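Reading the structure
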Amino acid sequence: MAIFTATNPFMSLTDSVEDDFELSTVCHRPESMDKLEEQTKFTKKELQVLYRGFKNECPSGVVNEENFKHIYSQFFPQGDSSMYAHFLFEAFDTNKNGSVSFEDFVFGLSIILRGTINDRLNWAFNLYDLNKDGCITKEEMLDIMKSIYDMMGKYTYPTMMDDAPREHVESFFQKMDQNRDGVVTIDEFIDSCKKDENIMQSMQLFDNVI
């Protein structure tokens, strides 16, 4: 379940990774690349590439939700990406301070791209668990699914029925809510995803939306 791919808006880079970082122009200084290399699963050169892309989009060194949404809208002009970008921003804003720093960005990205299956599924669960109460409700899953369909747009899925997201969620929920208590726990989520090949394939939808 690779959540981030080359369609990531922050990774549209042309600058040489050998260039100096010019950190003096940035309001928020990231931690040293050596330290970030220890804390993530990226090499120093990969971190340099990511940093230059991040700084190009966010010269101040942090991105707020409004800017985050604007960046996403440029990469999904065929649909409305604002709601999905909101959910994604919330997942990256681990400190809940209304901004995402370079550190926030690469820590999340490291999990999504290089983490174990459990790491990735935990991250995905956190994305779906909108109110962070430790459970996913059918309504939360539907909100996420609708935001993905909205972002991909009618031109991407011209024959998509309006009730497709709900049908998708109903099918997922029947498989995931193992004890039929109306919510999906982290254990149910991970167990269901690992056991059901169709669910794992459906999770690949993230490959195209981030």
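Basis of the calculations
- Residues numbered from 1 in each chain as written.
- Predicted model: local features only at pLDDT ≥ 70, side-chain atom pairs only at ≥ 80, totals over all residues.
- Heavy atoms only, no water.
- UniProt positions renumbered as here; feature names shortened; annotations may be inferred.
- Helix = DSSP H or I, 4+ residues; strand = E, 2+ residues; numbered from the N terminus.
- Phe/Tyr/Trp six-rings, centres within 6.5 Å; stacked < 30°, edge-to-face > 60°.
- pLDDT = per-residue confidence, 0-100.
- Contact = heavy atoms within 4.5 Å.

Named according to an unreviewed UniProt entry, the protein chain is Potassium voltage-gated channel interacting protein 2 originating from Poecilia latipinna. According to the UniProt record, the Sequence similarities (unreviewed entry) comment for the protein chain reads "Belongs to the recoverin family." In its Subcellular location (unreviewed entry) section, the UniProt record describing the protein chain reads: "Cell membrane".

Within the UniProt annotation, "domain: EF-hand" (unreviewed entry) is assigned to residues 80-115, 116-151 and 164-199. Measuring from the first to the last C-alpha atom of residues 80-115 gives 29 Å, for a span that is 67% helix and 8% strand. Within the segment residues 116-151, helix and strand shares are 72% and 8% respectively, and the terminal C-alpha atoms sit 28 Å apart.

Another aspect to go through is the environment of I117. Position of I117 relative to the elements: it lies in helix α6 (residues 117-128). Put simply, I117 and I190 are 73 residues apart on the chain and 8.9 Å apart in space, counted from C-alpha to C-alpha.

The subject of this paragraph is the packing of aromatic side chains. As enumerated under the stated definition, the model contains 10 aromatic pairs in all. Seen from their ring centres, Y51 and F102 are 5.1 Å apart, and the 80° between their planes marks the pair as edge-to-face. One end of the pair, Y51, is in helix α2 (residues 44-57); the other, F102, is in helix α5 (residues 102-114), with 51 residues separating them in the sequence. Counting every residue linked through ring pairs, the aromatic cluster contains Y51, F54, F92, F102, F105 and W123.

This paragraph deals with the confidence of the model for the protein chain. The pLDDT averaged across the protein chain works out to 81; a share of 76% of its residues lies at or above 70. Per-residue pLDDT stays below 50 along residues 11-26; that stretch engages in 32 contacts with residues further than four places along the chain or on separate chains. For residues 205-210, every residue scores under 50 in pLDDT, and the model assigns this stretch 30 contacts once sequence neighbours within four places are set aside.

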